[in-house]
Structure formats: structure tokens, C-alpha cells
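Architecture at a glance
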Amino acid sequence: MKVAVVGCRGFGRVHLNALKELGEEVYVFSREKDYAKECAEEFNASQYFTSFEEVIKSDADVIDLVVSHESHCFMAIRSMTAGKNVMVEKPIAINMNEARSMINASSKYGVKFMVLENHYLDPMVWEIKKNMNKLGRISLINVRNLRLNRPEGWRRHKELMGGGALIDGGIHYIDSLLNLGGEYREVKASCKKFFSGLEGEDTVTAVFLFKQGMIGNFTYSWSTPSWNLPHFEVYGENGNIMDEGDEVVLKILGEDERRFKIEKVNTVKEEIRLFLDSIRKDKEPPIPLDIAIRDLKCVLDIYTSCGEN
């Protein structure tokens, strides 16, 4: 299968490495001719392009969009009108109207479409989810990711991002929180900008009230140097469960601690493999579009609570 990767820098290189390992034929795109040629040589691409129209007119079966968020809608729909299958990095878009337009276009033009949310395939989250019933009634879910990140390029610009850190890296952890907690009734949040260099927010805290009654605490930041804190913690009447390194640790009151080793998975490679497999076998892609809509809506709900929208 021929995959045209639109975006040769940053995370585009992660996609190209995954496709190389999968043995797929690739085309590459960069507006800078020298860099496009260099990228093609590095990843043994069959062709390189310097205009998006060249990509559209090519014989690529799939267009892989690894571009600024504000470009997702236009590039995806333009690709679909040309009959191309499309995978796009998260978030699906910067607003709900664009997201729904992309989904409608995929149906109209009869192509496969998937938003790449590799955390949806994280075995750590699903191992925690599987063991949550051992905790009895759940009271609290904590999800957090704290880091120091000072990105360059388009990620600094709020208009190109559709926000700040939350809609970029933070949406991964929103996905995990909702996979653990399910639907929520309300969310109250605070968004602040400290020293990451972003135009948008770089630190978010949010409190969720889930429909099942438990509280969710969410924290994501690019202005918080941090080490060795668990990303996921779930507390219930019988004990708690959390991640620790490459293990899930389950502690039940009055019982010995149990540890579950989590196999290391290249989730980017796996999501791409599964999407291409869905095209080959003409079946539904592995990550439902409802998940992409759910995750974006949650991000936008947080921004509304912060007074950002």
C-alpha cells in the first residue's frame, strides 16, 4: 500500500519510522525541496512532493496528515474528494463543525478515515480498566502528565494549534481519562500560561463529575519538570490501582499487593498497521470516529470552563 506522509519533520518522522518497519511503500511531502529530497532519501521514499496538490494527484492509497491542527480539516477533505483514504494525527480538528465536516466527507466519498490516537491502544490503561471492578465503588480517578516542554514552530501559535498544550499532547490523557471514567456530567477547569513559550495555555487542571458518580482529577502541563509520578490512579472502597513504570500495581485492603507486567507496545506503529489492515480487508478502522469527537468535545468543554471560548 502506498502511503503519502504529509509532514516530514517532528512527529512525521515517527510515522515514517513506523511505516518503514511495517514495510509499506511511502511518499513524502515538504514545502522545502531540499528537505523533501533529503527526507525521501533517508526513508527510501518512492517519491517526494513539494506541493499538496502533487500529493492529491499521486497514486497514493492513503494520505497521512501530520500537520498543524488548523490544516486538518481542509487537507483531509481535499484528500477525500480525490478518493484517498486518510489518517490524521489527533486532534481531529480545532472545532466540532470542522470535525463533523471531515466525518461527513469520508462517508460521502466512501473512503476510510481514522484519527490517530495512539493512547487509545495503550495496554496500561486497559489493564487498569480491566481491574477496576476489584475496587468496588470508585470514588476518585487521577490522570496527569507533567513535563517541561518548550516547542518550536507552529505549536507556539494558538491559532494554528486551536489552543495550547491541552489540545496537543493533553488530548492523549483526556482520551485515557474518558476510557477509565466514561461519560461525565460536568467539568470545572483552570488554564494558565507560564514559561513554555506558547501563545495558548501550557498548564491545565480540571475536575470532572462522572455520570457513574466518581470524581476525576486531570492535570496536564508543559511547565512542570517532573519525574516518576504515576499517570493513572484509581481509588475505590476496596483499595487502589495505579501505574508504576511498566507495571500496574493493584492494592486491595487486607490482601498482598499484585503487580501486572505490561508488554511494551509501539502504539504508533500498531495504530497505523491496524488502519492499513482495515483498508485491505474493507472493515471498520480500529479507533472509532466517535472517540475522536468525544475527546475533542471534552477539550473544548475544558476551554469553555476556562473562559477560552
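Heads up: these notes are all about the structure in this document. (Residues numbered from 1 in each chain as written. Predicted model: local features only at pLDDT ≥ 70, side-chain atom pairs only at ≥ 80, totals over all residues. Heavy atoms only, no water.)

1. Looking at the overall build of the chain
Note the cut-off: Here a helix means four or more residues in a row that DSSP labels H or I, a strand means two or more in a row labelled E, and each is numbered from the N terminus. Here the globule rule is a power law, 2.2 Å times the number of residues to the power 0.38, and the radius of gyration is based on C-alpha atoms. Relative accessibility thresholds used throughout: buried, under 20% of the residue-type maximum; exposed, over 50%; partly exposed, between the two (1.4 Å probe, protein chains only). When checking whether two residues touch, look at their non-hydrogen atoms; a contact exists if any pair is within 4.5 Å. Surface accessibility in these figures is a Shrake-Rupley result with a 1.4 Å probe; residues are shielded only by whichever protein chains are displayed.
Along the backbone of the chain there are ten helices and 14 strands. Rg of the C-alpha trace for the chain: 20 Å, near the compact-globule value of 19 Å for 309 residues, within the 12% margin. When the backbone C-alpha atoms are referred to their principal axes, the chain occupies close to 65 × 40 × 35 Å. By the burial criterion, 53% of the 309 residues in the chain qualify as buried. Residue pairs at least 24 apart in sequence account for 66% of intrachain contacts in the chain once pairs closer than 6 positions are excluded. In the structure as shown, the chain presents an accessible area of about 14300 Å², 47% of it carried by carbon and sulfur atoms.

2. Regarding the sheet that holds strand E2 (residues 25–29)
The line we're drawing: For two strands to be treated as a pair, DSSP must find no fewer than two bridges joining them. Note on method: axes are straight lines fitted to C-alpha atoms, helices fitted across the in-contact stretch only, with angles between N-to-C directions ranging 0 to 180 degrees.
Strand order in this open sheet of six strands is E3-E2-E1-E4-E5-E6, and the pairing throughout is parallel. In this open sheet, the two edge strands, each paired with only one partner strand, are strand E3 (47–49) and strand E6 (113–116). Strand-to-strand twist in this sheet, taken as the mean axis angle between neighbours without regard to direction, amounts to 20°. In this structure, strand E1 (residues 2–6) lies alongside strand E4 (residues 62–65), joined through four bridges in parallel fashion.

3. What about the packing of helix H1 (residues 11–22) against helix H9 (residues 267–280)?
Stated precisely, the cut-off is as follows: Note on terminology: angles under 35 degrees are roughly parallel, angles over 145 are roughly antiparallel, angles of 65 to 115 are roughly perpendicular, and the others are oblique. Crossings are classed by handedness, with left-handed meaning an anticlockwise turn of the near helix from the far one by less than a right angle and right-handed meaning a clockwise turn. In the scheme used here, Gly and all other residues not listed as nonpolar or charged are polar, with Ala, Val, Leu, Ile, Met, Phe, Trp, Tyr, Cys and Pro taken as nonpolar and Asp, Glu, Lys and Arg as charged.
Where H1 meets H9, the closest approach of the two axes is 9 Å, and the angle between their N-to-C directions is 60°. One element, H1, and the other, H9, form an angle in the oblique class. Classified by chirality, the crossing of H9 by H1 is right-handed. In this structure, H1 uses Phe11, Val14, His15, Ala18, Leu19, Glu21 and Leu22 to contact H9, whose residues at the interface are Val268, Lys269, Ile272, Arg273 and Leu276. The residue inventory of the contact of H1 with H9, partitioned by class, reads eight nonpolar, one polar and three charged.

4. Examining the nonpolar core
The nonpolar side chains of a soluble globular protein tend to be buried, and buried together. The condition is simple: As used in this record, nonpolar core signifies buried Ala, Val, Leu, Ile, Met, Phe, Trp, Tyr and Cys residues forming a set joined through side-chain atoms within 4.5 Å.
One finds Leu65, Phe208, Phe218 and Ile302 to be the most contacted residues of the largest nonpolar core, which totals 75 residues. Counting residues per element, this core draws most heavily on helix H10 (residues 289–306), which supplies ten residues. With residues up to four places along the chain from it excluded, the contact list for Phe208 reads Ile174, Leu177, Tyr184, Glu186, Val187, Met214, Ile215, Gly216, Phe218, Cys298 and Ile302.

5. What about the packing of aromatic side chains?
Heads up, the condition is: Pairing of aromatic rings covers Phe, Tyr and the six-membered ring of Trp, with a centre-to-centre limit of 6.5 Å; geometry is then stacked below 30 degrees between planes, edge-to-face above 60, and tilted otherwise.
Tallying each qualifying case throughout the model produces seven aromatic pairs. On the numbers, 5.8 Å between centres and 80° between planes, the contact of Tyr27 with Phe49 is edge-to-face. Taken as a pair, Tyr27 in strand E2 and Phe49 in strand E3 lie far apart in primary sequence, 22 residues in all. Of the residues examined, Tyr27 reaches a relative accessible area of 2% and is grouped as buried. Under the relative-accessibility criterion, Phe49 is labelled buried at 6%. On the basis of an interplanar angle of 15° and a centroid distance of 5.8 Å, the ring pair of Phe208 and Phe210 is categorised as stacked.

6. A closer look at the pairing of strand E12 (residues 239–244)
In terms of burial, E12 is a largely internal element, five of the six residues being buried. Here strand E11 (residues 232–236) runs beside E12; their pairing, made up of four bridges, is antiparallel. Directly across from Gly236, in E12, lies its bridge partner Gly239. Where E12 meets strand E13 (residues 247–252), six bridges bridge the pair, whose relative direction is antiparallel. When the bridges of E13 are listed, Met242 appears paired with Val249. Remark: two residues form the turn of the hairpin made by E12 and E13, two consecutive strands paired antiparallel; Gly245 in that turn has positive phi of roughly 65°.

7. Description of the state of the cysteines
Stated precisely, the cut-off is as follows: Here, two cysteine sulfur atoms that lie within 2.5 Å of each other are counted as a disulfide.
This model, assessed by the stated rule, comprises two disulfides. Bridging Cys8 to Cys39, the disulfide has an S-S length of 1.9 Å. Handedness of the Cys8-Cys39 disulfide follows from its S-S torsion of about -85°: it is left-handed. With Cys8 in the loop between E1 and H1 and Cys39 in helix H2 (residues 33–42), the pair connects residues that are 31 residues apart, well separated along the chain. Between Cys191 and Cys306 runs a disulfide, and the two sulfur atoms are separated by 2.0 Å. Every disulfide takes its handedness from the sign of the S-S torsion; for Cys191 and Cys306 that torsion is 70°, giving right-handed. Taken together, the positions of Cys191 in strand E8 (residues 184–192) and Cys306 in helix H10 put the pair 115 residues apart, joining distant regions of the chain. For the pair Cys191 and Cys306, a shared accessibility class is recorded, and that class is buried. In the chain, numbering the disulfide-bonded cysteines from first to last in sequence yields the connectivity 1-2, 3-4.

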